[in-house]
Amino acid sequence: MKGALGALAEIHTQRESTMKLTSSIRSLAAAICSTAALSALSTAALAGPISVANASFEGPVQSSPGYLQPTGITSWVTTGTTGVWNPTLTPPSSATYWSTALPDGNQIGFTAGGTIAQTLGTNYAAGSVYNLTVAFGNRLDGPYIPTNVTMKLFAVTTGTIVASQAIDVSTITRGTFKDFSLSYTADGSSDGKAIGILFTSTGQQLDLDNVRLNNVPEPGTLILLGSALAGIGMARRRKQA
């Protein structure tokens, strides 16, 4: 009898140990899922618009007529003939430059064979997709069609181009602006390096406005986020049960 009771007690003890082990495994799984979710959320939080200083070329504010008054472009590094201009202040006053409203703000940027560049305060993250979108314009008076136009992304310096897109400005309806986009998936060579934007042109005047840059996390991160959140939900339901 005592032997049977001892055996039952041992079985009970083993069951308790098994239940504790199972509970520990579930807790560990929940902790792992939580860590994965936090990691995924941290990466996903990086998604969305990336700040570009003076993205619509509103600075410096042009207060008098003339394409080069004032000269230069706030927050951008320029070479050659570049600047900002406000079509309502540029003579002759009877000229009509655009048949539609400007994409954003009252001013636009221009370059006549020069370059416009900016190094941002955000770094590339390997695996993330970066989408650069810019509105390029084709004036009514002209036409002013540059020989070559490119939009580029670089890492830290303009000497390290990571992506480039040629722009066919002739496809833009006269008097309007048209969006063009460049997409780049960051890799190990650009990971952790500062993002840069560069515009180049040769020939006649190029007008541009409303520079936008967005970051889209890699698909694997989104899958990890969904799996991690699902794991946390399952762990909580088991704990409640």
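Placed above this text is the structure.
Residues numbered from 1 in each chain as written. Predicted model: local features only at pLDDT ≥ 70, side-chain atom pairs only at ≥ 80, totals over all residues. Heavy atoms only, no water.

J.: Any chance you could explain unusual backbone geometry here in plain terms?
T.: Excluding glycine, a negative phi dihedral is what most residues carry, and trans is how most peptide bonds are arranged. Note that the residue after Gly59, namely Pro60, is joined by a cis bond; omega there is -5 degrees. Residue placement: Pro60 occurs in the loop between β1 (48-50) and β2 (77-85). Of note, Asn54 is a non-glycine position whose phi angle comes to about 50 degrees, a positive value. The residue Asn54 is located in the loop between β1 and β2 in this model. (Helix = DSSP H or I, 4+ residues; strand = E, 2+ residues; numbered from the N terminus.)

J.: What exactly am I supposed to notice about the pairing of strand β4 (residues 129-138) here?
T.: In summary, the side chains of a regular strand alternate between the two faces of the sheet. Within β4, 9 of the 10 residues are buried, which leaves the element mostly enclosed by the surrounding structure. Direction of pairing for β4 relative to strand β7 (residues 176-185): antiparallel, over a ladder of 10 bridges. Opposite Ala135, over in β7, you have Asp179 as the bridge partner. In this sheet, strand β9 (residues 206-216) lies alongside β4 in antiparallel orientation, the contact comprising 8 bridges. Bridged to Ala135 within β9 is Asp209. (Buried < 20%, exposed > 50% of the residue type's maximum accessible area, 1.4 Å probe, protein only. Pairing = 2+ DSSP bridges.)

J.: Just to check I follow, could you spell out the environment of Thr81 for this structure?
T.: Here Thr81 is to be found in strand β2. Judged by relative accessible area, which is 39%, Thr81 ranks as partly exposed. When the C-alpha positions of Thr81 and Thr111 are compared, they lie 5.8 Å apart, and in sequence the two are 30 residues distant. What Thr81 contacts, discounting residues up to four positions off in sequence, is Phe110, Thr111, Ala112 and Gly114. (Contact = heavy atoms within 4.5 Å.)

J.: Would you take a moment to explain the nonpolar core for this structure?
T.: Generally speaking, soluble globular proteins have nonpolar side chains that are buried together. Core analysis: the biggest nonpolar cluster contains 33 residues, and Phe136, Leu153, Phe199 and Val211 have the highest contact counts within it. The set of elements that each furnish at least two residues to this core consists of β3 (108-123), β4, β5 (146-155), β7, β8 (194-203) and β9. The next biggest cluster of nonpolar side chains, apart from the first, holds 8 residues, and it includes Trp85, Tyr97, Phe110 and Ala135. (Core = buried A, V, L, I, M, F, W, Y, C linked by side-chain atoms within 4.5 Å.)

J.: Quick question: what am I supposed to make of the pattern of salt bridges here?
T.: One side chain can pair with another of opposite charge once the charged atoms of both are near each other. Here the structure, examined in full by the defined rule, presents 2 salt bridges. Between Asp179 and Arg212 there is a salt bridge; the shortest N-O distance is 2.8 Å. Pair noted here: Asp179 is in strand β7 and Arg212 is in strand β9, with a separation of 33 residues, a long-range link. In this structure Asp179 comes out as partly exposed when scored by relative accessible area, which is 42%. Classification of Arg212 by relative accessible area gives partly exposed; the value is 25%. (Salt bridge = Lys/Arg side-chain N within 4 Å of Asp/Glu carboxyl O.)

J.: Would you take a moment to explain the side chain of Ser201 for this structure?
T.: Among the secondary structure elements, Ser201 is positioned in strand β8. Engagement of the side chain of Ser201 in a polar contact is seen with the backbone nitrogen of Gly113, the distance being 3.4 Å. For Ser201, the contacting residues outside a window of four places in its chain are Thr111, Gly113, Gly114, Pro146, Asn148, Val149 and Leu206. (Polar contact = N/O pair within 3.5 Å; in protein donor to acceptor, adjacent residues only side chain to side chain.)

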